[in-house]
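Understanding the architecture of this molecule
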Amino acid sequence: MIVLWGIPSEPPLRLAIESARRAGLEHVVVNQRDAAHHDLDVDLTRRTHGTLVVDGVEIPLGDIDGIYVRIMEPDRLPEHRPGTPAHRIERSAAFHAMLLDWVEV
């Protein structure tokens, strides 16, 4: 399983998604703009122990073979503009931070 994380409409990520589809590679797209709706449960002391939840689908971290990260700064996302409910911004920021921590481990 390959995780493709970023904004799917942006050309580099769009090309990676299309390439994965053409090659028949098992993959999941983590839309950065929907971060407030995703979840990650991870034990950072054991990087393959945990679960990534994208669009309600649970993916064991041990099933992930690779990740392509093409994200922008979360505070530049339209979903983080003034007027967005604080809990959505906080949840999105927490998801980004945790996923980045997991990627670094």
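Just above, that's the structure.
Residues numbered from 1 in each chain as written. Predicted model: local features only at pLDDT ≥ 70, side-chain atom pairs only at ≥ 80, totals over all residues. Heavy atoms only, no water.

Here we take up the overall build of the protein chain. What the protein chain contains, in helices and strands, is two helices and six strands. When its helices and strands are written in sequence order, the protein chain yields β-α-β-β-β-β-β-α. Here the protein chain has a C-alpha radius of gyration of 14 Å; the compact-globule value for 105 residues is 13 Å, and the two agree. Across its three principal axes, the protein chain shows a C-alpha extent of roughly 40 × 35 × 25 Å. The burial tally for the protein chain puts 30% of its 105 residues in the buried class. Nonlocal contacts in the protein chain, meaning residues at least 24 apart in sequence, comprise 60% of its contacts between residues at least 6 apart. Here the protein chain has roughly 6400 Å² of accessible surface; of this, 49% comes from carbon and sulfur atoms. Averaging the locations of the 11 positively and 17 negatively charged side chains of the protein chain gives two centres separated by 7 Å. (Helix = DSSP H or I, 4+ residues; strand = E, 2+ residues; numbered from the N terminus. Rg over C-alpha atoms; globule rule 2.2 N^0.38 Å. Buried < 20%, exposed > 50% of the residue type's maximum accessible area, 1.4 Å probe, protein only. Contact = heavy atoms within 4.5 Å. Areas by Shrake-Rupley, 256 points an atom, 1.4 Å probe, with all protein chains shown as cover. Lys, Arg positive; Asp, Glu negative; His and termini not counted. Charge placed at Lys NZ, Arg CZ, Asp CG, Glu CD.)

With that settled, consider the pattern of salt bridges. If the charged atoms of two oppositely charged side chains come close together, the side chains can form a pair. Scanning the entire structure with this criterion turns up one salt bridge. In this structure, the salt-bridge partner of Glu 18 is Arg 14, at a minimum N-O distance of 3.9 Å. On the criterion of helical spacing, the pair formed by Glu 18 and Arg 14 is a turn pair, its members being four residues apart in helix H1 (residues 11–23). With a relative accessible area of 35%, Arg 14 lands in the partly exposed category. (Salt bridge = Lys/Arg side-chain N within 4 Å of Asp/Glu carboxyl O.)

Structural measurements only, silent on function.
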